[in-house]
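Chains, contacts and geometry: an overview
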Amino acid sequence: MTHEDERSESSERANGEERPVSHAAEVREVRTDGGDEVEIPEVNYVSGSAVPIRGNDIDTDQIIPARFMKVVTFDGLGEFAFFDLRFDDDDNQKEHPFNEERFQDSSVMVVNSNFGCGSSREHAPQALMRWGIDAIIGESFAEIFAGNCLALGIPTVTADSETIQALQDWVDANPDGEIDIDVEAETVTYGDETIDVTVDDAQRKALVEGVWDTTALMKSNAGEVRKKAQELPYVEGAAIPDAE
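Residues numbered from 1 in each chain as written. Predicted model: local features only at pLDDT ≥ 70, side-chain atom pairs only at ≥ 80, totals over all residues. Heavy atoms only, no water.

Attention now moves to the pattern of salt bridges. What the rule picks out here adds up to nine salt bridges. With its nearest N and O atoms 2.8 Å apart, the salt bridge here joins R54 to D169. Placement of the pair is R54 in the loop between β2 (50–52) and α3 (60–63) and D169 in helix α7 (residues 161–173), with a sequence separation of 115 residues. Residue D169 is classed as partly exposed on the basis of its relative accessible area, which comes to 39%. Residues joined by salt bridges that share partners form a network here, namely R54, E100, R102, D169 and D172. (Salt bridge = Lys/Arg side-chain N within 4 Å of Asp/Glu carboxyl O. Helix = DSSP H or I, 4+ residues; strand = E, 2+ residues; numbered from the N terminus. Buried < 20%, exposed > 50% of the residue type's maximum accessible area, 1.4 Å probe, protein only.)

What follows is the structure in structure tokens.
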């Protein structure tokens, strides 16, 4: 058994059985993994308890280390989210919110500045989605990371540093507390507070109108794609996609 296999088994032991993805993630996965269903759900609201991930410039290599990206599918990546921040070289747990029992049912992450920077690996939001994350609230996000989240129907909403710190403190004190994100209205409600947040205009439109999954959009318009391909003189017949 390789050291990587040993660390994988250690992760599974530490976390118990493999985490199921959230219901929202299961719905999204139908649209992203090539199923026959092409209807894209609108993402108007996200609700759930939260987990605070503190620290600026948390990059995609910290979110999902590169050695766990040697996979054919994204299945199971959730077990390895923040792996090197959660375990030491001897596979002992470190202090990290993803290891805490009180945050195991969380579906919203509250982060700080420049979250998701570094390489553009789409495995990072895939791992978070499979851990159970349906939305992320933060000070700011790396642009490509936010785009990869949008492709999975995961809102990335922003607020100023003071607001985020207050929200993280509230989550720490109320790990079972419900957070409601209204994507269209650009508000977040928790406890007795409702705060204004910002959702990128293009992201908000795509989520609210249910046009965030470009793969499903292309599939639902396969006939038009085929028609356009037939009109292009440089597309050979064998390259024209089939469509009913």
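Still to come is the rest of the account.
This part is about the nonpolar core. Counting residues in hydrophobic clusters, the biggest one holds 58 residues, and the most contacted among them are M109 and L128. Ranked by residues supplied to this core, first place goes to helix α5 (residues 123–131) with five residues. Contact partners of M109, with chain neighbours within four places excluded, come to V51, I53, F82, F98, F115, L128, I133, A135, I136 and I137. (Core = buried A, V, L, I, M, F, W, Y, C linked by side-chain atoms within 4.5 Å. Contact = heavy atoms within 4.5 Å.)

Across the sheet, which stays open at both edges, the four strands sit in the order β2-β3-β4-β5 with parallel pairing between neighbours. Every other strand in the sheet has two partners, leaving β2 and β5 (156–158) as the edge strands with one partner each. Taken pair by pair, the neighbouring strands of this sheet meet at an average axis angle of 20°, ignoring direction. Sheet topology note: the strand β3 (residues 108–110)/strand β4 (residues 135–138) ladder contains three bridges and is parallel. Bridged to M109 within β4 is I136. (Pairing = 2+ DSSP bridges. Axes fitted to C-alpha atoms, helices over the stretch in contact; angles between N-to-C directions.)

Moving on: the packing of aromatic side chains. How two aromatic rings sit relative to each other is set out by the distance from centre to centre and by the angle between their planes. This model, assessed by the stated rule, comprises ten aromatic pairs. With centroids separated by 3.7 Å and ring planes inclined at 15°, the aromatic side chains of F98 and W131 adopt a geometry described as stacked. Taken together, the positions of F98 in the loop between α4 (83–86) and β3 and W131 in helix α5 put the pair 33 residues apart, joining distant regions of the chain. The same class applies to F98 as to W131, namely buried. Seen from their ring centres, F141 and F145 are 6.4 Å apart, and the 15° between their planes marks the pair as stacked. Neither residue differs from the other here; F141 and F145 are each classed as buried. Three or more aromatic residues link up through ring pairs in this structure, and these residues are F68, F80, F83 and F87. (Phe/Tyr/Trp six-rings, centres within 6.5 Å; stacked < 30°, edge-to-face > 60°.)

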